[in-house]
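Each chain is listed here by its residues.
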Amino acid sequence: MHQFFLNEPLNDDALNAPLVLSRKEYQHLFVLRLRDGEQFVFADGCGREHVFEVVASDKNTITAKCIETRASENELACQLVLLQGLPKREKLEFIIQKAVELGAHDILPVMMARSNVRIDEKKSERKAERLHEISKSAASQSKRGIIPEVHGVQSFASALDAVSDADIKLIAYEDETNRGTLSALLPTLPQAKKIAILVGPEGGISDEEWQQAKAHGFQSVSLGKRILRTETAGLCLLSYLMLHLENA
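Conventions used here
- Residues numbered from 1 in each chain as written.
- Predicted model: local features only at pLDDT ≥ 70, side-chain atom pairs only at ≥ 80, totals over all residues.
- Heavy atoms only, no water.
- Core = buried A, V, L, I, M, F, W, Y, C linked by side-chain atoms within 4.5 Å.
- Buried < 20%, exposed > 50% of the residue type's maximum accessible area, 1.4 Å probe, protein only.
- Helix = DSSP H or I, 4+ residues; strand = E, 2+ residues; numbered from the N terminus.
- Contact = heavy atoms within 4.5 Å.
- Pairing = 2+ DSSP bridges.
- Right-handed = clockwise from strand over helix to strand, strands pointing away.
- Axes fitted to C-alpha atoms, helices over the stretch in contact; angles between N-to-C directions.

### Brief notes about the nonpolar core
So, point 1. Within the largest apolar cluster, 39 residues are counted, with the highest numbers of intra-cluster contacts made by L80, L82, I96, L170, I195, L238 and L241.
So, point 2. For this core, the elements supplying multiple residues, two or more each, are β6 (79-85), α3 (89-101), β7 (104-111), α4 (124-141), β10 (168-171), β11 (194-199) and α7 (230-246).
So, point 3. With seven residues, α7 is the single largest residue contributor to this core.
So, point 4. If near-sequence neighbours (up to four positions away) are discounted, I96 is found in contact with I107, L131, I134, S135 and V150.

### Some details on the pairing of β7
So, point 1. For β7, a buried count of six out of eight residues is recorded, marking the element as mostly surrounded by other parts of the structure.
So, point 2. Relative to β7, β6 runs parallel, the two being bridged by six bridges. If you follow L80 over to β7, its bridge partner there is A104.
So, point 3. Where the polypeptide runs from β6 across α3 and back to β7, its parallel neighbour, the crossover connection is right-handed.
So, point 4. Relative to strand β8 (residues 149-150), β7 is paired through two bridges, and the arrangement is parallel. Bridge assignment links I107 to a residue of β8, and that residue is V150.
So, point 5. After leaving β7, the chain enters α4 and then returns to the sheet as β8, a path that is right-handed.
So, point 6. Sheet topology note: the β7/strand β9 (residues 154-155) ladder contains two bridges and is parallel. The residue of β9 that forms the bridge with V110 is Q154.

### Some thoughts on unusual backbone geometry
So, point 1. Here the phi dihedral of R33 falls at roughly 55°; this positive angle occurs in a residue that is not glycine.
So, point 2. Its place among the elements puts R33 in the loop between α2 (27-31) and β3 (39-43).
So, point 3. With relative accessibility at 71%, the residue R33 sits in the exposed group.

### Focus on the environment of K65
So, point 1. In this fold, K65 is placed in strand β5 (residues 61-71).
So, point 2. The partly exposed category is assigned to K65, whose relative accessible area is 40%.
So, point 3. Residues K65 and I134 lie 69 residues apart in sequence; the distance between their C-alpha atoms is 28 Å.
So, point 4. With near-sequence residues (within four places) excluded, K65 lies in contact with V51, F52, E53 and V55.

### Here's the deal with the sheet that holds strand β4 (residues 48-57)
Within a sheet, adjacent strands bond to each other through the backbone by hydrogen bonds, running parallel or antiparallel.
So, point 1. Strand order across the open sheet formed by five strands is β1-β3-β4-β5-β2, with mixed pairing between neighbours. Here the strands that pair on one side only, and so sit at the sheet edges, are β1 (3-5) and β2 (19-22). Adjacent strand axes in the sheet meet at a mean angle of 40°, parallel and antiparallel pairs treated alike.
So, point 2. Across four bridges, β2 lies against β5 in antiparallel orientation. Residue S22 lies in a different strand from β5, and its bridge partner there is T61.

### Some remarks on the pairing of β6
Along a regular strand, successive side chains alternate from one face of the sheet to the other.
So, point 1. Across the seven residues of β6, six count as buried, placing the element largely inside the fold.
So, point 2. Alignment of β6 against β11, held across six bridges, turns out to be parallel. Among the inter-strand pairings, V81 is bridged to a residue of β11, identified as A196.

By themselves, these observations are geometric and do not establish any function.
Shown next as structure tokens:
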């Protein structure tokens, strides 16, 4: 069944009345050429799903009725927060798309010492809108119950403060000689409500940043014997955590 996100949540009165959708606002529904009796799902972005059935349609409008409301079953019990060292634009967009598919709850782009990117303040608002649309599209495609928030670019210090309440804080630090194994985390995962993952940009994490992260409770973990690119490391960790959390 096709799933999409509502432009805004519906109250109970709106859910109990026929919903008229315009081509202008919901072009994606018209592309499907839904017929009377066919069903689709609207997620409200807050963890609820509404199953609608088409009762009438014409060239410019679709009228549907809500036949069921339910809680989304596709969200992890634990919030995964990705602190991503700011990479080049195309890499960040790829990381956001895949992180959303893998269950990330929040994504914080972080300006780090070795980030080789300049922030254009004039384009920041338009950039934020694009990243939100990437998150929304990936959430819809993967049938998420929420649209993960892509935060504005953070300083390193503010990003660490933003996850001060995380139960587990992980960092992939290639220069760490005494790295832990991910398997050692398995007994603690079922109790965790929030896990933060810190990944450096293309140039990696500086020694000073590593010391700051360590002072904030981050622990380094090994992702294997090979050096992973920035767009691979975070997704590797998210994949591992998602699979074990869903099977815990």
